[in-house]
2 protein chains.
Amino acid sequence: MEFKVEYKSANARACRIKTTHSEILTPAFMPVGTLAAIKSLDAIDMSEILDAKIILANTYHLYLRPSSKVIKQMGGLHGFSKFDRSFLTDSGGFQAFSLNKISKPDEEGIKFKSHIDGSLHYFTPKSVLDAQYDFNSDIMMILDDLVALPASKERIELSLKRTIKWAKEAIDYHKLKQNQGVGMGQNIFGIIQGGTDFEARRICSQALCEMDFDGLAIGGLSVGEENEVMYDTVEAMMPYVDNNRPRYLMGVGTPEDLVENVARGVDMFDCVMPTRNARNGTLFTSFGKFNIKKAEFITDHSPIDSKCSCYTCKNFSRAYLNHLFKAKELTFFRLASLHNLHYYLNLAKQMREAIIKNEFENFKKEFYRQRTC
Amino acid sequence: MEFKVEYKSANARACRIKTTHSEILTPAFMPVGTLAAIKSLDAIDMSEILDAKIILANTYHLYLRPSSKVIKQMGGLHGFSKFDRSFLTDSGGFQAFSLNKISKPDEEGIKFKSHIDGSLHYFTPKSVLDAQYDFNSDIMMILDDLVALPASKERIELSLKRTIKWAKEAIDYHKLKQNQGVGMGQNIFGIIQGGTDFEARRICSQALCEMDFDGLAIGGLSVGEENEVMYDTVEAMMPYVDNNRPRYLMGVGTPEDLVENVARGVDMFDCVMPTRNARNGTLFTSFGKFNIKKAEFITDHSPIDSKCSCYTCKNFSRAYLNHLFKAKELTFFRLASLHNLHYYLNLAKQMREAIIKNEFENFKKEFYRQRTC
């Protein structure tokens, strides 16, 4: 893939990434389409209504259902879902870890039980790439060894050792496969672990940056630690994360998290928050977030956010959305998801504009000033 | 409203109805948007994707939530939902009857308990019109006294007596209100009851046709009786239903029901079948209906129906829909609903074309010939 840092504003970066399927401008937020569909939306919603350039899908879920083989047969994720721009797929490690009480990492990989039928599976650094070759993901993530925070120094050390070992196996395997003509248009990102231990993060960053990954991801954050601890960890490790490659902070986060981490040099994000919160009635706006179910909206003619130009705000009132939410109408989920994703994608766009003008610090101040709820 | 029978093919009719909000060509199928939203869809889906000219909403549900007053304050159903074409609203009688074990019709109206909070309410011929004035429905339905089939001759006689009495009260009230400047752009349809008793149907038809309704509806069918009994009842009563007004068969039905009743002179239909079946995975096609969950579709690249030009068939494969349905993805509901509604609306359109060419009998034969599942 092509990658270029086009502008900087202090540590914040505006980059351009070109994959086989799309051009991605950063900072970039990637909507999460776990099962090859953003919940309640389809490929046309993502391209034509939201203009998302890249979305995320989950290897763990798709490997189990409908299976990598089915997706391959359907022309990969692009042919299957008909979203013809970029896909990033995670490695499945996080879900094998979080959805399974019996998940057991060992030196070679992670054993887990399917959350669907209880069947036993084993993810290794190679097998998760094989699944992602079948998906034809534009960006593949490697298998890493996650630890729940807080963790002992010993467990973090073990995680680091495994993560680095698996990273090496993954990059070697990918080079081998590409030499065999497999995954030629696909890219691979390493994942840096180390919990909130700055020294562990430094070691892992340096080890992974020595390998020939197309980009570097920061994993294992936003798993329950305080926001400030997350920001400090990112800040502490950033000098050791190669600035000539995209930097992706996995599973993050709130609008504030995006702004804070862009300020620290992160380029890419993904999070279920905009879509999951939408389904719970929580809507993001330029002035903060609120829940649509409140009685004050029953006859409110205004859109969710009068400054918002999304499909939902252009067409529907808070009163109608309040009604749909309270009546549990399916229509609500799509309208709220479209709004929240527009908010996140637009926030990324606004950050980019501020970086291009070298005004990111002002943007950040204004962002906080506007928030009243 | 303006009404004209433009073409006939034996007893099948192609008419043109003009309300304040849209021109409706018949035979017409009206998608059901119980709570001022077709489940999983919005006003733009209905206008721009499906091009529906009229949809139905339920007085019972909207009266209880968000309430007639809220809808009035939001600019009626059009302002509230942003669907700017025609709305037909039922009277609420059917839901008060079917959703409530304690529903008690007496001479003046129907007492019922809210299915939401158990509160007590009383629908009268006037009160259901008041709600519909607040909704600004293009077509209002009168309160009728339904009977569960099979019913005794006595119960049918009582139903008839009440239905005719309430019809008179309704039309008198509507004329009075219009004289006061209320509901000037609104129309009112009478509802013919009588179960499957041909004589009762004749009496009720004649009594209601003597009143100044804008259209006549056939109620109390498709409530469990055999299809043939429904068709025979419609056929037997049709000579007594004024042919200079629209004829609407309420709550019907399958594609076959539409074809059979159009052949007998019905102009308008509504039914939850296309949307409810969609949510259960049952899809309607030119060759019959099938359920998308079957294993044979797991890697099927073809659309639901290769002859269908709907949004879903133009964009997505059976394989993807099979996956979305099995994974219970919200996305499925919208795609399947769009397809099934397109099928119903298109069936109505094809019937109209056949009537215009005076080839309805051939159309009907071909319709049955193509059905293989």
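Cut-offs used in this document
Residues numbered from 1 in each chain as written. Chains lettered and ligands numbered in written order. Predicted model: local features only at pLDDT ≥ 70, side-chain atom pairs only at ≥ 80, totals over all residues. Heavy atoms only, no water. Buried < 20%, exposed > 50% of the residue type's maximum accessible area, 1.4 Å probe, protein only. Helix = DSSP H or I, 4+ residues; strand = E, 2+ residues; numbered from the N terminus. Pairing = 2+ DSSP bridges. Least-squares fit on C-alpha atoms with pLDDT ≥ 70 in both. Contact = heavy atoms within 4.5 Å. Buried area = accessible area lost by both parts, 1.4 Å probe. Salt bridge = Lys/Arg side-chain N within 4 Å of Asp/Glu carboxyl O. Polar contact = N/O pair within 3.5 Å; in protein donor to acceptor, adjacent residues only side chain to side chain. Nonpolar A, V, L, I, M, F, W, Y, C, P; charged D, E, K, R; others polar. UniProt positions renumbered as here; feature names shortened; annotations may be inferred.

Give a description of the pairing of strand β5 (residues 54-57) of chain B that names residues and reports values.
Residues and elements named next belong to chain B. A two-sided burial pattern is seen for β5, the buried positions comprising Ile54 and Leu56 on one face and Ile55 and Ala57 on the other. Alignment of β5 against strand β6 (residues 86-89), held across 4 bridges, turns out to be parallel. Counted as the bridge partner of Ile55 is Phe87 from β6.

Provide a residue-level description of the relation of the copies chain A and chain B, including the pertinent values.
Here chain A sits on chain B after a turn of 180° about the axis and a move of 0.0 Å along it, with an RMSD of 0.0 Å. The relationship between the two copies is best expressed as a two-fold rotation axis. Within chain A, the C-alpha atom positioned nearest to the axis of rotation is that of Leu330 of chain A, 3.9 Å from it. Mapped onto chain B, 100% of the interface residues of chain A are again interface residues, and the two copies thus contact each other with one and the same surface.

Outline the interface of chain A and chain B, supporting the account with residue identities and numerical values.
Taken together, the contact between chain A and chain B spans 41 residues of the former and 41 residues of the latter. Carbon and sulfur atoms supply 62% of the area that chain A and chain B bury against each other, a total of about 3,400 Å² over both sides. Inspection of the region where chain A meets chain B yields 6 salt bridges. Of the charged contacts in the structure, one is a salt bridge between Arg334 of chain B and Asp42 of chain A, with a shortest N-O distance of 3.4 Å. Taken together, the links from chain A to chain B amount to 18 residue pairs in polar contact (both at pLDDT 80 or more). Put simply, the parts of the chain that give the side of chain A that touches chain B at least two residues each are α1 (43-49), α3 (68-73), α4 (76-81), α12 (311-315), α13 (318-326) and α14 (330-356) of chain A. Grouping the amino acids of the side of chain A that touches chain B by side-chain chemistry returns 22 nonpolar, 9 polar and 10 charged.

So, the sheet that holds strand β9 (residues 120-123) of chain B: which residues are in play, and what are the values?
Across the sheet, which stays open at both edges, the 3 strands sit in the order β7-β8-β9 (chain B) with antiparallel pairing between neighbours. In this open sheet, the two edge strands, each paired with only one partner strand, are β7 (104-105) and β9 of chain B.

Before we move on, could you go through the UniProt feature "binding site: substrate" in chain A and cite the residues and values that matter?
Residues and elements named next belong to chain A. Per the UniProt entry, the sites bearing "binding site: substrate" are Asp90, Ser91, Gly92, Gly93, Phe94, Asp144, Gln193 and Gly220 in this numbering. The topology assignment puts Asp90 in the loop between β6 (86-89) and α5 (93-98). Look past the residues within four positions of Asp90 in its chain and what remains in contact with it is Ala57, Asn58, Thr59, Tyr60, Gln95, Gln132 and Met141. Following the sequence through the fold, Asp144 ends up in the loop between β10 (139-141) and α7 (153-179). Judged by its relative accessible area of 4%, Asp144 falls in the buried class. Beyond its immediate sequence surroundings of up to four residues, Asp144 is in contact with Ser91, Ile110, Thr163, Trp166, Ile191 and Gln193. For Asp144, the side chain forms a polar contact with the side chain of Gln193, separated by 2.7 Å.

I'd love a proper account of the pairing of strand β16 (residues 288-291) of chain A, names of residues and values included.
All names here are of chain A. Summarising the sheet, strand β15 (residues 282-285) and β16 pair through 4 bridges and their orientation is antiparallel. Across the sheet, Thr282 pairs through a bridge with Asn291, a residue of β16. Linking β15 to β16, which pair antiparallel, is a turn of 2 residues.

Residues and numbers for helix α10 (residues 255-263) of chain A, please.
Residue and element names in this part refer to chain A. Of all 9 residues making up α10, 8 are buried, and the element is well covered by its neighbours. Listed in full, the buried residues belonging to α10 are Pro255, Asp257, Leu258, Val259, Glu260, Asn261, Val262 and Ala263. Just downstream of α10 lies Gly265, where phi reads positive at about 105°.

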